[in-house]
Amino acid sequence: MTYETIIHETNAQGHDGVSLITLNRPKALNALSSQVLADLTCAFAGYNSDDSQRCLVLTGSGEKAFAAGADIKEMSDKPAADFYLDDFFAPWTSEVVKKTRKPWIAAVNGFALGGGCELAMMADFIIASDNAKFGQPEINLGVAPGMGGSQRLTRAIGKSKAMEMCLTGRMMGAEEAERANLVVRVVPQADLLADALKTAATIASKPPMAAIANKEMVNAAFEMTLDQGLIMERRIFQILTASEDKQEGMAAFIEKREGQWKGR
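Residues numbered from 1 in each chain as written. Predicted model: local features only at pLDDT ≥ 70, side-chain atom pairs only at ≥ 80, totals over all residues. Heavy atoms only, no water.

**Q** What am I meant to see in a nonpolar patch on the surface here?
**A** On the surface, a cluster of nonpolar side chains totalling about 270 Å² of accessible area is made up of I72, L141 and V143. Here V143 shows up in the loop between β8 (133–135) and α6 (149–157). Using a relative accessible area of 49% as the deciding quantity, one classes V143 as partly exposed. (Patch = residues over 30% accessible without salt bridge, like charges linked within 9 Å, V, L, I, M, F, W, Y side chains within 5 Å. Areas by Shrake-Rupley, 256 points an atom, 1.4 Å probe, with all protein chains shown as cover. Salt bridge = Lys/Arg side-chain N within 4 Å of Asp/Glu carboxyl O. Helix = DSSP H or I, 4+ residues; strand = E, 2+ residues; numbered from the N terminus. Buried < 20%, exposed > 50% of the residue type's maximum accessible area, 1.4 Å probe, protein only.)

Take a look at the structure:
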């Protein structure tokens, strides 16, 4: 399928089961317009429905930006009533974040500011280039994060640092982001995409049902008490023991060979 603002590839660069979505508005620093979000929604729906694709990488075109924020020109004259009545951003977050059960990674190159930072934080984890910069500078425009920035950033890096960033609008460099646990690792800019795709390929090689279950369990840890989470974890483990992949995985381990997964 052809999109106006993104490039969507399957089995990206020879990696079986790995999809790659590239935000493709380099002249606008990959700003998140309504069309970008609509295209992303369609592309993620395609990823969700394609059983051959088991992990996805999202990145930005060029070296300057993953996504430098929402499209301010598009938003500047929009009446407040329209933001409210359209429930601005809600379709994107509900359609993509909540319904994407399979794993996906944000490969952040350059600026990830405002909506770009929020978009990256929706991923299951972030790999950053050494020139990456993160921030929620909405306060400089007289507004506040609207796509999860205040909530996800606080959960990722803690109240004090998130509060300081939202109140001052300052940017956080890649090394600080790694220290603060916002990103899993920092790699040279030239190696970012290869590293992210290799990581995605590793995930794609795992039993698909187990990958979905592991993602659900880790995410649930943010929403449940410890006791509730432990019960959920135990029940999902018990369910997985009835799967064909569990039988294959344990047989492959005993026989010292690679598993052949059915996703069932």
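Moving on, there is more to tell.
**Q** Honestly, the pairing of strand β2 (residues 18–23) in this entry has me stumped. Any pointers?
**A** Where a strand is regular, its side chains alternate between the two sheet faces. Most of β2 is tucked away, with six of its six residues classed as buried. Because side chains alternate across β2, one face comprises the buried residues V18, L20 and T22, and the other comprises S19, I21 and L23, equally buried. Strand direction decides the pairing type here: strand β1 (residues 6–9) and β2, joined by four bridges, are antiparallel. Bridging from a neighbouring strand, I6 pairs with L23 of β2. Two elements, β2 and strand β3 (residues 55–60), share six bridges in a ladder whose sense is parallel. Considered in β3, the bridge of I21 is made with L58. Since β2 and β3 lie parallel, the crossover through helix α1 (residues 34–49) that links them has a hand, and here it is right-handed. (Pairing = 2+ DSSP bridges. Right-handed = clockwise from strand over helix to strand, strands pointing away.)

**Q** Where do I start with the sheet that holds β8 in this structure?
**A** One open sheet accounts for four strands, arranged β4-β6-β8-β9; its pairing is mixed. This sheet does not close on itself; its edge strands, each paired only once, are β4 (65–67) and β9 (172–173). In this structure, β4 lies alongside strand β6 (residues 111–113), joined through two bridges in parallel fashion. Bridged to A67 within β6 is A112.

**Q** What is the right way to look at helix α9 (residues 192–204) in this model?
**A** Working note: α-helix, 3.6 residues per turn, so residues spaced by three or four point in the same direction. Here α9 contains 13 residues, and its C-alpha end-to-end distance of 18 Å stays within 8% of the 18 Å for a straight helix at 1.5 Å per residue. Within the span of α9, buried status applies to L192, A196, L197, T199, A200 and A204. Take α9 and look down its axis: the buried residues cluster within an arc of 160°, on one side only. Against β2, β3, β5 (104–108), β7 (125–129) and β10 (185–187) lie the buried residues of α9. (Expected span 1.5 Å × (residues − 1). Arc of directions from axis to C-beta. Contact = heavy atoms within 4.5 Å.)

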